[in-house]
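Listed below are the residues making up each chain.
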Amino acid sequence: MKFPQMFRVFALAGLVALSVAGTINLELSNEWELFKTTYNKSYEKEELLRRVIWERNLKHVQQHNIEADRGVHSFWLGMNEYADMTPEEFVNTMNRYRVNATKTFQCGKFIPPTHKLSALPSTVDWRKEGYVTGVKNQGQCGSCWAFSAVGSLEGQHFKKTGKLVSLSEQNLVDCSRKEGNEGCEGGLRDQAFEYIIQNKGIDTEESYPYTAEDGVCKFKQANIGATVVSCMDIEPGSETDLQMAVATVGPIGVAIDSSQASFQLYRSGVYTDSACSSVNLDHGVLVVGYGTDSGQEYWLGKNSWGTSWGMNGYIMMARHKHNMCGIATQASFPIV
């Protein structure tokens, strides 16, 4: 696995210090080898560093889960393909949603239905209705914004046509720089919608496959899989309006703070972290439903970190709990 150059330098510089400060546990060698095999990991000069980080994460996971079993936490952690990365590395590599980017394009404002929350279904899961494609993996590219935009569009395209078409995130990564996005270095969902509107469409995943790196724009009009005519922003911070939209519109793209180590290694349960910010957002995901688990209200989120992360790629995030991790701060969807 290749890590960004700045972290490769850090890895080599800190190798000796970390190996002394965190001696490896030889009893875990078989498990370490299984981890590398499972996730196709290969290292050059930094394997010792990765092993030390992995063991530290394993210790953290085990301690957290002991506490979760005692009822201290409402969610559990697990070792996934990102368990050999520090939280700082992980955030820098994966979380590039640019919530503070200058916006020259504005979506319209979503006007929620007049009926009360009590009139909405108690549980919504758009996966069961055919609105949601399989879990994807953005790799080591900060393109979460593209996956969030595409996921919402896939749902709205299905709603209109009855056909679920997997659309091309790579099309957005390569081609929407004029709208202000920066490929693997980050972007905004609404700027992705702007590109699709101006471009009069987005290609299919099949015709324009994902590469997890910046490339030259290869959009072809003949391969368009969906179009967008406009988009809607949901009232910032309103979980009530977000619930209205999820229940009546379909999957909704949102931005969250995913910078906590607990998020990197999330496995199951209703996620909540008091350190999570509702303002400093760094990651785009897709809300595909909501519900209640053991008395705790949650949002059902689809991530773009593969199926080894979370609940086969999904997360239950605390709902109506002070806008946990800013899930309702910057939400939007396209009109097709």
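What you are looking at is a predicted structure, and each value in this text was computed from that prediction instead of being measured.

### Observations regarding the packing of helix α2 (residues 29-38) against helix α3 (residues 47-69)
So, step 1. One way to put it is that α2 packs onto α3 with a least axis distance of 11 Å and a crossing angle of 105°. Considering their axes alone, α2 and α3 lie roughly perpendicular with respect to each other. Mapping the contact onto sequence places S29, E31, W32, E33, F35 and K36 in α2 and E47, R50, R51, W54 and L58 in α3.
So, step 2. Of the residues in the contact of α2 with α3, the class split is 4 nonpolar, 1 polar and 6 charged.

### Here we look at the packing of helix α5 (residues 144-161) against helix α7 (residues 189-199)
So, step 1. Where α5 meets α7, the closest approach of the two axes is 8 Å, and the angle between their N-to-C directions is 60°. On the basis of their axis angle, the class for α5 and α7 is oblique. The handedness of the crossing between α5 and α7 comes out as right-handed. Across the interface between the two elements, W145, S148, A149 and L153 from α5 touch R189, A192, F193 and I196 from α7.
So, step 2. Looking at the contact of α5 with α7 residue by residue, the classes come out as 6 nonpolar, 1 polar and 1 charged.

### Structural notes on the UniProt feature "domain: Peptidase C1A papain C-terminal" (unreviewed entry) in the chain
So, step 1. Mapped onto the present numbering, the UniProt feature "domain: Peptidase C1A papain C-terminal" (unreviewed entry) falls at residues 120-335.
So, step 2. Structurally, residues 120-335 is divided into 23% helix and 23% strand, and its ends, taken at the C-alpha atoms, are 22 Å apart.

### Considering the pattern of salt bridges
When the charged atoms of two side chains lie near each other, side chains of opposite charge can form a pair.
So, step 1. In this structure the tally under the stated criterion is 13 salt bridges.
So, step 2. The salt bridge partner of E89 is R50, with a shortest N-O separation of 2.7 Å. Placement of E89 in helix α4 (residues 87-94) and of R50 in helix α3 is noted, with a sequence separation of 39 residues between them.
So, step 3. Take E89: its relative accessible area is 1%, and that puts it in the buried class.
So, step 4. R177 is the salt-bridge partner of D214, the closest N and O atoms lying 3.5 Å from each other. Here the residue D214 occupies a position in the loop between β4 (202-203) and β5 (224-226), and R177 occupies one in the loop between α6 (169-175) and α7, the gap between them amounting to 37 residues.
So, step 5. Assessed through its relative accessible area of 38%, D214 is described here as partly exposed.
So, step 6. In this structure R177 comes out as partly exposed when scored by relative accessible area, which is 42%.

Cut-off values and rules
- Residues numbered from 1 in each chain as written.
- Predicted model: local features only at pLDDT ≥ 70, side-chain atom pairs only at ≥ 80, totals over all residues.
- Heavy atoms only, no water.
- Axes fitted to C-alpha atoms, helices over the stretch in contact; angles between N-to-C directions.
- Helix = DSSP H or I, 4+ residues; strand = E, 2+ residues; numbered from the N terminus.
- Parallel < 35°, antiparallel > 145°, perpendicular 65-115°, else oblique.
- Contact = heavy atoms within 4.5 Å.
- Nonpolar A, V, L, I, M, F, W, Y, C, P; charged D, E, K, R; others polar.
- Left-handed = near helix turned anticlockwise from the far one by under 90°.
- UniProt positions renumbered as here; feature names shortened; annotations may be inferred.
- Salt bridge = Lys/Arg side-chain N within 4 Å of Asp/Glu carboxyl O.
- Buried < 20%, exposed > 50% of the residue type's maximum accessible area, 1.4 Å probe, protein only.

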